[in-house]
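Listed below are the residues making up each chain.
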Protein chains: 2
Amino acid sequence: MSVSLWRSPLSRALHRNRSKPHTRYFQLATVQADGNPTNRTVVFRGFLGETDKIKIITDSRSQKFQQVRQNTWGEICWYFTETREQFRLAGEIILVDVDNSDVELQKARHLTWQELSDNARIQFAWAHPGKERANQEAFSPPLPDAIVPLANFCLLLLDPLKVDHLELRGEPQNRWFYLRDESGNWEKSPVNP
Amino acid sequence: MSVSLWRSPLSRALHRNRSKPHTRYFQLATVQADGNPTNRTVVFRGFLGETDKIKIITDSRSQKFQQVRQNTWGEICWYFTETREQFRLAGEIILVDVDNSDVELQKARHLTWQELSDNARIQFAWAHPGKERANQEAFSPPLPDAIVPLANFCLLLLDPLKVDHLELRGEPQNRWFYLRDESGNWEKSPVNP
């Protein structure tokens, strides 16, 4: 299996910006039930095995979980502050919640949970996100099991169909579109910034 | 006129993160004609006068211009890397293009153009963004007039109706919703992160 063309510039960006922890944060846009866009910062959890699917985690009580159930499309905007370049990655989001019956995906959900820190895992035992602020006790639950994920722990997999790479450094800036065709091959085109 | 409640924490974040040029960049999500979300990094150009309307500039040849014409809703996701806090600002986007007949808004469009650097202005004279890469000459046009904007220069004004402020520092993190009611007053509520 050949590596997708956009993976190499993205790996380079991750490497060159690795000194900054925020390099692993990006913004994910989804659409809510009324058709309007929403946008939030999430953490890059790596790729699913040897695939191009980008791993994100969420709580099934969160708005983005509900949104992705209704409209599976998402777009990541990933800006690298040190090298001043941006990747926009658009595609379908596969929702891997506790009820997902795909054995491989369910295994991936478990693995992702196991790779989290205690600090990340415990947040899934906190009070309902976005509801009226609970008292301090609601944020001091017992540590959840490190092997079996809590039921509200959900893995999101964004499978890019289109990638837009912009380098702000350059006179003029450089920009490329990467498009995946129906047989899964990627085509790269230089475009105007 | 009282200052909107969320302006003070946002000003504080801008101030505390001012050493980083990327502090003035944020991600803007809009929706394209097929109902799917899109997301890109844009530059914060300040507020419109004494209002809460956030100024963004764009090229009328860009996709976001076309998208906002069809669906005026947008959501900004603004992550501050030094203080580790996020503001999500959702609202209608007012499009101030060359044909906008509102005298005050047209004046604001001109002023915003005049405040740009030559380097920012010249990009509006470049080849069509997102089209097949043009040759180098298409990126060396004469400097445009510094007073009268080029016809494709467009001002976008996002008028927030809802603001979601998250501080990652804190045990647990702190989060507040700010909602504007019909009489224009803001209500602040602490919510679970």
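Please refer to the structure placed before this passage.
Predicted, not measured: the structure shown is a model, and the values here were computed from it.

S.K.: What is the right way to look at empty space enclosed by the protein in this model?
M.R.: Within this structure, the stated rule accounts for 1 cavity of 30 Å³ or more. For the largest cavity, the calculated volume is near 180 Å³. Listed by contribution, the elements that provide at least two residues to the lining of the largest cavity are β1 (25-31) of chain A together with β1 (25-31) and β4 (73-80) of chain B. When the residues that make up the lining of the largest cavity are grouped by side-chain class, the tally is 7 nonpolar, 7 polar and no charged.

S.K.: So what exactly am I meant to see when it comes to the interface of chain B and chain A here?
M.R.: At the junction of the two partners, chain B supplies 51 residues and chain A supplies 51 residues. Summed over both partners, the interface of chain B with chain A buries about 4,000 Å², with 48% contributed by carbon and sulfur atoms. For the chain B face of the interface with chain A, the top three residues by lost area are B:Asn39, B:Arg133 and B:Asn192, together amounting to 18%. Counting every contact that joins chain B to chain A gives 0 salt bridges. Linking chain B with chain A are 31 residue pairs in polar contact (both at pLDDT 80 or more). When contributions to the side of chain B that touches chain A are tallied by element, the ones reaching two or more residues are β1, β2 (37-43), β4, β5 (85-96), β7 (174-180) and β8 (186-191) of chain B. Broken down by class, the residue content of the side of chain B that touches chain A amounts to 20 nonpolar, 20 polar and 11 charged.

Criteria and cut-off values
Residues numbered from 1 in each chain as written. Chains lettered and ligands numbered in written order. Predicted model: local features only at pLDDT ≥ 70, side-chain atom pairs only at ≥ 80, totals over all residues. Heavy atoms only, no water. 1 Å grid on protein atoms, 1.4 Å probe; cavity = no way out; pocket = protein on both sides within 12 Å on 5 of 7 lines; lining within 4 Å. Points joined across faces, edges and corners; volume = space filled by probe spheres on them. Helix = DSSP H or I, 4+ residues; strand = E, 2+ residues; numbered from the N terminus. Nonpolar A, V, L, I, M, F, W, Y, C, P; charged D, E, K, R; others polar. Contact = heavy atoms within 4.5 Å. Buried area = accessible area lost by both parts, 1.4 Å probe. Salt bridge = Lys/Arg side-chain N within 4 Å of Asp/Glu carboxyl O. Polar contact = N/O pair within 3.5 Å; in protein donor to acceptor, adjacent residues only side chain to side chain.

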